[in-house]
Amino acid sequence: VQLQASGGGLVQAGGSLRLSCAASGLTFSSYGMGWFRQAPGKEREFVAAIRWKGGITYYADSVKGRFTISRDNAKNTVYLQMNSLKPEDTAVYYCAARRDRETITSVAGFKLRNQNDYEYWGQGTQVTVSS
């Protein structure tokens, strides 16, 4: 299994970036996908996640209303559209995949927010937001 994240870069505060994560070696449509980030000196934290069908999404409070996660199961790709970027969004962003079996939405949301429940991780892409 490979998860290839791309799209990071340097942007000014208030700008936008779109991250992509291309998956291979797994039945993509059976997996929930998540984005996490890790800033220097900080622990990795949850950013956003999306269930296998794509209609149910979850966000960290810090990015709600600014970031949008989406997926294209035909392309085996998950996206993170990041708008109104702030310097505190600076971090390495990682995509991750976990098999999405839960029938109860609240349980799925709990697990998709928990990095320990993910099976596969990408290599990360750096996002730097200048003030």
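Refer to the structure above for everything that follows.
Residues numbered from 1 in each chain as written. Predicted model: local features only at pLDDT ≥ 70, side-chain atom pairs only at ≥ 80, totals over all residues. Heavy atoms only, no water.

A. Looking closely at the packing of aromatic side chains. Summed over all chains, the structure comprises five aromatic pairs. Taken together, a centroid distance of 5.1 Å and an interplanar angle of 85° make the contact between Phe36 and Tyr118 edge-to-face. Highlighted residues: Phe36 in strand 4 (residues 31–38) and Tyr118 in the loop between helix 1 (105–112) and strand 10 (120–121), separated in sequence by 82 residues. Residue classification places Tyr118 among the buried residues on the basis of a relative accessible area of 7%. With a centroid separation of 5.9 Å and 55° between ring planes, the pair formed by Tyr118 and Trp121 is classed as tilted. By way of ring pairs, the aromatic residues Phe36, Phe46, Tyr118 and Trp121 are connected into one cluster. (Phe/Tyr/Trp six-rings, centres within 6.5 Å; stacked < 30°, edge-to-face > 60°. Helix = DSSP H or I, 4+ residues; strand = E, 2+ residues; numbered from the N terminus. Buried < 20%, exposed > 50% of the residue type's maximum accessible area, 1.4 Å probe, protein only.)

B. Summary view of the sheet that holds strand 7 (residues 67–72). Read from one edge of the open sheet, four strands run 1-3-8-7, paired in antiparallel fashion. Two strands in the sheet have a free side with no partner beyond their single neighbour: strand 1 (2–6) and strand 7. On average, adjacent strands in this sheet sit at an angle of 15° to one another, irrespective of strand direction. Strand direction decides the pairing type here: strand 3 (residues 17–24) and strand 8 (residues 77–82), joined by six bridges, are antiparallel. Looking across to strand 8, one finds that Cys21 is bridged to Val78. (Pairing = 2+ DSSP bridges. Axes fitted to C-alpha atoms, helices over the stretch in contact; angles between N-to-C directions.)

C. Just the pattern of salt bridges, in detail. For the coordinates displayed, the defined rule picks out seven salt bridges. A salt bridge links Asp100 to Arg51; its shortest N-O distance comes to 2.6 Å. Taken as a pair, Asp100 in the loop between strand 9 (91–99) and helix 1 and Arg51 in the loop between strand 5 (45–50) and strand 6 (57–59) lie far apart in primary sequence, 49 residues in all. Relative accessible area serves as the criterion here: at 9%, Asp100 is assigned to the buried category. Under the relative-accessibility criterion, Arg51 is labelled buried at 7%. Across the pair Glu102 and Arg98 runs a salt bridge whose closest N-O atoms are separated by 3.2 Å. Judged by its relative accessible area of 16%, Glu102 falls in the buried class. (Salt bridge = Lys/Arg side-chain N within 4 Å of Asp/Glu carboxyl O.)

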